[in-house]
Amino acid sequence: MSTRHRRRPKASTAKSHATTQTKPHALAFEPITGVTIGSNEEGAIAHLPWLRMAVKLLEDNPEELKQSWERLIGIAEMGEKALDVIVNLILCRKDFEGLGELLDMALARSLATLEHMGLWVPEKSPA
Amino acid sequence: MSVQHFRRPMLATVRGKPATQAERDAIAFKPIPINLQWSDEEWERGHLVSVRVAAEIVARTPARLQDAISKLAPTGHLHETLDGLIGTKEHLESMIRLLETAIVRSFLVLERLGYSPDNPPPDSRDGPIGGAA
């Protein structure tokens, strides 16, 4: 792990583990159960096509993007129609935001526990 | 997509404020070539594993997490595990920016095509596509 990752976790994520000046080693967080992660295949199917679609849209200049959207709107046979594309891009983004929060929390709890165990010392933030 | 999504798109902003119609019309953007190098399987292996590890971590009490770390530390895989969590988090942040940019650009272009909250593009629930523009 690089040193830049060894800083104290962000203050916002410290809510999940009580670290105070008076009780520097108190660890208190509740288990969060019921987080369901689908199978690898489900995860890939749910997200990768929309990531690839987003990448494709970003390769267009404004005129090309206009044409891409005209095509999307005009293809009546598509299972996914124009607005469904945007919905899925938005849902994919929300999913990733949720997963990011999960990872943040896991990191904060792990680092707090490592600190508690004396296995990790956060660097002092520069003034 | 429901009309609600179209009514509340992420707003294009200029200097941190929602752009006016004229400012939105004037917004230009350049293509961003992105090479997604991973296959479905590589993405699964690279990132879903870390997501599962994160779900395992948050499901533990402090004592159980401490116990798990005690067992993991001597194996030498602790740094690797934390690096995986950090790498996946950074990857997801990049993908969120990518998706957001694609969504904002799409809304801009849909507006230029004559669509608006009052005249949204066809929804799959609307039945056959007919001249909405």
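Residues numbered from 1 in each chain as written. Chains lettered and ligands numbered in written order. Predicted model: local features only at pLDDT ≥ 70, side-chain atom pairs only at ≥ 80, totals over all residues. Heavy atoms only, no water.

Colleague: What exactly am I supposed to notice about the overall build of chain B here?
Modeller: Scanning chain B from N- to C-terminus turns up five helices and two strands. Secondary structure elements of chain B occur, N-terminal to C-terminal, as α-β-β-α-α-α-α. Considering chain B as a whole, with its 133 residues, one finds that 38% of them fall into the buried category. Once local pairs closer than 6 in sequence are excluded, the contacts in chain B between residues at least 24 apart make up 70%. (Helix = DSSP H or I, 4+ residues; strand = E, 2+ residues; numbered from the N terminus. Buried < 20%, exposed > 50% of the residue type's maximum accessible area, 1.4 Å probe, protein only. Contact = heavy atoms within 4.5 Å.)

Colleague: Can you walk me through the overall build of chain A in this structure?
Modeller: Along the backbone of chain A there are three helices and zero strands. The order of helices and strands in chain A, counted from the N terminus, is α-α-α. Within chain A, the fraction of its 127 residues that count as buried is 43%. When the accessible area of chain A is evaluated, it comes to approximately 7,000 Å², of which 54% is carbon and sulfur surface. (Areas by Shrake-Rupley, 256 points an atom, 1.4 Å probe, with all protein chains shown as cover.)

Colleague: What's the story with the confidence of the model for chain A in this structure? I'm lost.
Modeller: A low pLDDT means the predicted coordinates there should not be read in detail. Mean pLDDT over chain A: 77, with 72% of residues reaching 70 or higher. Scored below 50 in pLDDT, residues 1–23 of chain A makes 42 contacts in the model with residues more than four places away or belonging to other chains. (pLDDT = per-residue confidence, 0-100.)

Colleague: I would appreciate a short explanation of the nonpolar core in the present structure.
Modeller: Note that soluble globular proteins tend to have their nonpolar side chains buried in a common cluster. In terms of nonpolar packing, the biggest core is built from 57 residues, with A:L51, A:W69, A:L89, A:F96 and B:L85 touching the most fellow members. Counting only elements with at least two residues in this core, the list comes to α1 (40–58), α2 (62–74) and α3 (82–116) of chain A together with α3 (40–58), α4 (62–72) and α5 (78–112) of chain B. Per element, the largest residue contribution to this core is 15 residues, and it comes from α3(A). Setting aside residues up to four positions removed in sequence, A:W69 forms contacts with A:L57, A:A82, A:V85, A:I86, B:S106, B:V109, B:L110 and B:L113. (Core = buried A, V, L, I, M, F, W, Y, C linked by side-chain atoms within 4.5 Å.)

Colleague: Any chance you could explain the interface of chain A and chain B here in plain terms?
Modeller: One frequent convention defines the size of an interface as the accessible area lost when the parts assemble. Facing 69 residues of chain A, the contacting portion of chain B comprises 67 residues. Together chain A and chain B conceal approximately 6,100 Å² of surface at their shared face, both sides included; 76% is due to carbon and sulfur atoms. Three residues stand out in chain A for area buried against chain B, namely A:L58, A:L83 and A:L103, and they jointly supply 13% of the buried area on that side. The interface formed by chain A and chain B includes three salt bridges. Here chain A and chain B share seven residue pairs in polar contact (both at pLDDT 80 or more) between them. Going through the elements one at a time, α1, α2 and α3 of chain A are the ones with two or more residues in the side of chain A that touches chain B. If one sorts the elements of the side of chain A that touches chain B by residue count, α3(A) sits on top with 25 residues. Across the side of chain A that touches chain B, the residue classes break down as 40 nonpolar, 13 polar and 16 charged. (Buried area = accessible area lost by both parts, 1.4 Å probe. Salt bridge = Lys/Arg side-chain N within 4 Å of Asp/Glu carboxyl O. Polar contact = N/O pair within 3.5 Å; in protein donor to acceptor, adjacent residues only side chain to side chain. Nonpolar A, V, L, I, M, F, W, Y, C, P; charged D, E, K, R; others polar.)

Colleague: Can you help me understand the side chain of B:H47 in this one?
Modeller: Position of B:H47 among the secondary structure elements: in helix α3. If sequence neighbours within four positions are ignored, B:H47 has contacts with B:G87, B:T88 and B:H91.

Colleague: Quick question: what am I supposed to make of the packing of α1(A) against α3(B) here?
Modeller: Relative orientation and spacing of two packed helices are given, respectively, by the angle between their axes and the distance between those axes. Two elements in contact, α1(A) and α3(B), have axes whose closest approach is 10 Å; the angle formed by their N-to-C orientations is 115°. Note on packing geometry: the crossing formed by α1(A) with α3(B) is right-handed. Residue-level inspection shows A:N40, A:E41, A:G43, A:A44, A:H47, A:L48 and A:R52 of α1(A) in contact with α3(B), the latter providing B:D40, B:W43, B:E44, B:L48 and B:R52. Grouping the amino acids of the contact of α1(A) with α3(B) by side-chain chemistry returns four nonpolar, three polar and five charged. (Axes fitted to C-alpha atoms, helices over the stretch in contact; angles between N-to-C directions. Left-handed = near helix turned anticlockwise from the far one by under 90°.)

Colleague: Please explain α3(B) as it appears in this structure.
Modeller: In an α-helix, one turn spans 3.6 residues; hence positions three or four apart end up facing the same way. Given a rise of 1.5 Å per residue, 19 residues ought to cover 27 Å, and the 26 Å separating the end C-alpha atoms of α3(B) matches this to within 8%. Of all the bends in α3(B), the largest measures some 30° and sits at B:H47. For α3(B), the full list of buried residues reads B:W43, B:E44, B:H47, B:L48, B:S50, B:V51, B:A54, B:A55, B:I57 and B:V58. Against α1 and α3 of chain A together with α4 and α5 of chain B lie the buried residues of α3(B). (Expected span 1.5 Å × (residues − 1). Bend = angle between axes of the 7 residues up to and from the residue.)

Colleague: Help me understand the packing of aromatic side chains, please; the structure alone is not making it clear to me.
Modeller: How two aromatic rings sit relative to each other is given by the distance of their centres and the angle of their planes. A complete count under the given rule lists one aromatic pair over all chains for this structure. Pairing A:F96 with B:W43 gives two aromatic rings, centres 6.2 Å apart and planes at 35°, and the pair type is tilted. Here B:W43 lies in helix α3 and A:F96 lies in helix α3, a pairing that spans two chains. (Phe/Tyr/Trp six-rings, centres within 6.5 Å; stacked < 30°, edge-to-face > 60°.)

Colleague: Which parts of the structure should I look at to understand the confidence of the model for chain B?
Modeller: All names here are of chain B. Put simply, chain B has an average pLDDT of 82, and 80% of its residues get 70 or more. The secondary structure element of chain B with the lowest average pLDDT is helix α1 (residues 3–7), at 42, and the one with the highest is α4, at 95. Below a pLDDT of 50 lies the segment residues 1–9, which in the model reaches 27 contacts outside its immediate sequence neighbourhood of four places, other chains included. Predicted as a complex, the structure gets a pTM of 0.77 and an ipTM equal to 0.78.

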